[in-house]
Amino acid sequence: MGKKIKNQAPVELGQEVSLWIDGLGSNGEGVGRVDNYTVFVPYALPGEEVRVIIETVKKTYSIGRLTKLLQASPERQEAPCELYGICGGCQLQHTTYENQLALKTQKVKDIMVRIGGLEENRVLPALGPQNPWAYRNKMQMPVGGIQGHLRMGFYKRGSHAIVDGTNCLIQRPENNEIAKVCYDLAHDLGVEPYDESSGKGFLRHVIGRVGQDQWMVILVGTGPNLPRQEEWVQGIRQALPKVSSIVLNINDRKTNVIMGPKNRLLWGETYMQDTIEDLTFSLSPHSFFQVNPEQTAVLYNKALEFADLSGGESVIDAYCGTGTISLFLAHKAKRVIGIEIVEPAILDARKNAAANGFFNTKFIVGDAAIEMPKLYKKGERPDVIVFDPIRAGCKEEVLIAAAGMKPKRMVYVSCNPASMARDIAILRPLGYEVVKVQPVDMFPQTSHVEAVALLVQSPSYAEEYKQ
């Protein structure tokens with residue numbers, strides 16, 4: 001028995017306990033209880049009885065390591081990836097995909113009830129893809145080890161230790177090709193890998209982006225000169241003829257941030273092209289672009305459906321990024337105004353709008369918390385406002401300004417249902433009620449889930465939508 005923790009938790013470090021799992025945590029771990037005290041158990045599923053060893057004890061929760069399944073869920077399966085449980089990329093390979101969708105639906109329901117104050121039935125069943133594997137169009141692999149004995153792959157769960165492996169089952173196969181070629185080149189050319197603790201070495205990450213017809217390879221290094229550059233370029237071009245762009249990204253800071261601010265084009269085009277349905281986008285090395293194009297189309301089409309446009313509406317797309325949702329909206333809106341604080345993203349948005357023949361769009365560089373009140377003061381009264389913020393959600397000033405504009409509908413797209421539920425709780429007293437919330441599984445095999453919510457202006461309007 002381990003040492004008693006001062007907070008008087010009902011468990012101790014090293015103690016072995018049995019418990020029932022009755023829920024799923026935000027990171028995909030099972031949730032059980034000992035005397036109403038929470039125990040998180042990675043790789044356990046709701047409905048299972050498990051034996052665990054307590055490895056972390058805090059005041060309000062502990063973390064246990066699963067040692068034995070006393071009663072397994074009928075939805076449990078053998079994870080197909082040989083690195084599952086070591087690599088930290090996936091959290092739910094040990095259950096069927098049908099159950100993953102059910103768990104994610106319940107996760108969004110629980111969040112909306114607890115934080116948003118909604119009824120559970122406002123949340124619809126999660127939408128998943130036909131194939132929940134090989135979907136990621138962007139790969140980022142850290143490089144470590146020592147010269148001549150490189151490690152390249154993924155971070156071990158809960159750490160920055162690198163798990164060797166260039167074959168990921170949720171990556172598109174083309175990205176695994178890029179990873180293998182770059183690993184072999186780095187080894188054969190004697191490149192010195194970066195060491196996080198000392199800050200020494202050169203090669204930090206290998207990034208691959210694959211589109212319909214073009215691929216981009218980004219090597220992240222600590223300086224502007226790639227050792228044996230010509231051999232790198234020749235080796236990549238010979239092995240990967242679909243590569244249209246080879247870039248050196250320079251990150252000389254001692255940081256966990258993957259990319260630095262500057263790029264050097266080593267060969268090919270500055271941009272690569274990718275598509276979502278009938279829209280084409282030019283992507284630079286720093287461009288944000290959804291990693292699952294099939295499910296992105298599902299998510300954005302659901303946002304377009306919720307916007308309910310007939311051709312005469314004015315729409316504001318707050319947090320518009322590179323304009324992906326804006327262009328979906330521009331298909332059916334009279335006018336779309338996009339707002340984004342990152343200037344390169346707005347430059348990409350303008351370029352993408354022009355390339356796709358949309359001239360009913362306007363893109364503004366600025367903080368939505370500042371620009372929304374400005375637009376309100378100028379008399380802007382959109383019919384629809386769309387939010388697609390970062391994980392932290394919207395600033396309250398944005399929500400207040402949006403409600404003050406009195407749009408008929410608001411559509412909230414979120415990669416973090418918890419922050420969306422918090423913002424919904426702010427919007428409800430301002431006169432907006434949630435009609436429905438649609439979870440969309442953008443990242444199968446992981447604990448992440450996105451959602452899109454429809455909010456309308458008045459209870460009578462909400463009743464009309466429920467019919």
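In this text the structure is predicted, and so the values were computed from the model without any measurement.

### Concerning unusual backbone geometry
Not every positive phi belongs to a glycine, and Asp35 is a case in point at roughly 55 degrees. Looking at where Asp35 falls in the secondary structure, it is placed in the loop between β2 (30–34) and β3 (37–41). One non-glycine residue, Asp308, lies in the positive phi region at around 55 degrees. Secondary-structure assignment places Asp308 in the loop between α4 (293–307) and β15 (314–318).

### Digging into the state of the cysteines
Two cysteines whose sulfur atoms are joined by a covalent bond form what is called a disulfide. In this structure the tally under the stated criterion is zero disulfides. No disulfide involves Cys182; its sulfur sits 16 Å from that of Cys168, the nearest cysteine. On the basis of relative accessibility, which here comes to 1%, the residue Cys182 falls in the buried class. We note that Cys320 lacks a disulfide partner, and the nearest cysteine sulfur, in Cys394, lies 13 Å from it. Take Cys320: its relative accessible area is 5%, and that puts it in the buried class.

### A closer look at helix α7 (residues 368–377)
Every buried residue belonging to α7 is among Ala368, Ala369, Glu371, Met372 and Leu375, and all of these are buried. Structurally, α7 contributes buried residues whose contacts are with β15, β16 (335–340), β17 (361–365), β18 (384–387) and α8 (396–404). Structurally, the start of α7 carries an N-cap: the backbone nitrogen of Ala369 is 2.9 Å from a side-chain oxygen of Asp367. Note on α7: the residue one or two positions beyond its end, Gly379, has a positive phi of about 95 degrees.

### Quick word on empty space enclosed by the protein
If a probe as big as a water molecule is rolled over the atoms, it shows which places are left empty. Applying the stated criterion to the full structure yields two cavities of 30 Å³ or more. Approximately 110 Å³ is the volume attributed to the largest cavity. The wall of the largest cavity is formed by Cys81, Leu83, Tyr84, Cys87, Gly89, Cys90, Gln93, Phe154, Asn167, Cys168, Leu169 and Ile170. Split into classes, the residues belonging to the lining of the largest cavity amount to nine nonpolar, three polar and no charged. Of the pockets and cavities examined, the second largest cavity occupies roughly 40 Å³. For the second largest cavity, the full set of lining residues is Asn137, Lys138, Arg209, Val210, Gly211, Met272, Asp274, Leu283 and Phe289. Residue assignment for the lining of the second largest cavity shows that the elements contributing at least two residues are β9 (203–210) and β13 (272–276). Taken together, the residues that form the lining of the second largest cavity break down as four nonpolar, two polar and three charged.

### With respect to the pairing of strand β10 (residues 215–221)
The two faces of the sheet receive side chains in turn, since in a regular strand these alternate between them. In terms of residue burial, β10 counts as a mostly covered element, since seven of its seven residues are buried. Both faces of β10 are covered, namely the face carrying Trp215, Val217, Leu219 and Gly221 and the face carrying Met216, Ile218 and Val220. In the sheet, β9 pairs with β10 via seven bridges, with the strands oriented antiparallel. The residue of β10 that forms the bridge with Leu203 is Gly221.

### Things to note about the packing of aromatic side chains
Tallying each qualifying case throughout the model produces five aromatic pairs. Here Phe281 and Phe289 contribute two aromatic rings whose centre-to-centre distance is 5.5 Å and whose plane-to-plane angle is 55 degrees, an arrangement assigned as tilted. Given a relative accessible area of 1%, Phe281 falls into the buried group. Summarising the aromatic geometry, the rings of Tyr300 and Phe328 are spaced 5.4 Å apart at their centres and angled 80 degrees between planes, so their arrangement reads as edge-to-face. Of this pair, Tyr300 sits in helix α4 while Phe328 sits in helix α5 (residues 324–330), and the two are 28 residues apart along the sequence. By relative accessible area, which is 2% here, Tyr300 ends up buried. Since its relative accessible area comes to 3%, Phe328 is described here as buried. Above the plane of the ring of Tyr194 lies Arg204, whose end atom (NZ or CZ) is 4.1 Å from the centre.

### Quick word on the packing of helix α2 (residues 173–188) against helix α3 (residues 229–239)
Two elements in contact, α2 and α3, have axes separated by 10 Å at closest approach and are oriented at 145 degrees. For α2 against α3, the interelement crossing comes out right-handed. Residues Val181, Cys182, Leu185 and Ala186 of α2 form the contact with α3, whose participating residues are Glu231, Trp232, Gly235, Ile236 and Ala239. Partitioning the contact of α2 with α3 into residue classes produces seven nonpolar, one polar and one charged.

### Some words on the layout of surface pockets
Taken as a whole, the second largest pocket encloses approximately 260 Å³ of empty space. As for the second largest pocket, its lining consists of 19 residues, and the residues nearest its centre are Val143, His160, Ile162, Tyr194 and Glu196. Secondary-structure elements contributing two or more residues to the lining of the second largest pocket are β6 (138–146), β7 (149–155) and β9. For the lining of the second largest pocket, the element with the highest residue contribution is β6, accounting for four residues. Looking at the lining of the second largest pocket, its residues break down into eight nonpolar, seven polar and four charged.

### Some details on the environment of Leu266
Along the chain, Leu266 falls in strand β12 (residues 262–268). Between the C-alpha atom of Leu266 and that of Glu78, which follows or precedes it by 188 residues, the distance is 43 Å. When sequence neighbours within four positions are dropped, the list of residues in contact with Leu266 reads Leu226, Gln229, Val233, Ile246, Val247 and Leu248.

### Observations regarding the sheet that holds β16
Strand order in the open sheet formed by seven strands is β17-β16-β15-β18-β19-β21-β20, and the pairing between neighbours is mixed. One side of each edge strand has no neighbouring strand; the edge strands of this open sheet are β17 and β20 (433–440). Each strand of the sheet is rotated relative to its neighbour by a mean of 15 degrees, with strand direction disregarded. Inspection of the sheet shows β15 paired to β16 by five bridges, in the parallel sense. The residue bridging Ala318 from the neighbouring strand is Ile339, located in β16. This element, helix α9 (residues 417–427), spans β19 (409–414), β20 and β21 (450–456) of the sheet and lies at about 155 degrees to β19.

Parameters and conventions
- Residues numbered from 1 in each chain as written.
- Predicted model: local features only at pLDDT ≥ 70, side-chain atom pairs only at ≥ 80, totals over all residues.
- Heavy atoms only, no water.
- Helix = DSSP H or I, 4+ residues; strand = E, 2+ residues; numbered from the N terminus.
- Disulfide = S-S within 2.5 Å.
- Buried < 20%, exposed > 50% of the residue type's maximum accessible area, 1.4 Å probe, protein only.
- Contact = heavy atoms within 4.5 Å.
- Polar contact = N/O pair within 3.5 Å; in protein donor to acceptor, adjacent residues only side chain to side chain.
- 1 Å grid on protein atoms, 1.4 Å probe; cavity = no way out; pocket = protein on both sides within 12 Å on 5 of 7 lines; lining within 4 Å.
- Points joined across faces, edges and corners; volume = space filled by probe spheres on them.
- Nonpolar A, V, L, I, M, F, W, Y, C, P; charged D, E, K, R; others polar.
- Pairing = 2+ DSSP bridges.
- Phe/Tyr/Trp six-rings, centres within 6.5 Å; stacked < 30°, edge-to-face > 60°.
- Lys NZ or Arg CZ within 6 Å of the ring centre and 35° of its normal.
- Axes fitted to C-alpha atoms, helices over the stretch in contact; angles between N-to-C directions.
- Left-handed = near helix turned anticlockwise from the far one by under 90°.

Don't take any of this as a statement about function, it's just geometry.
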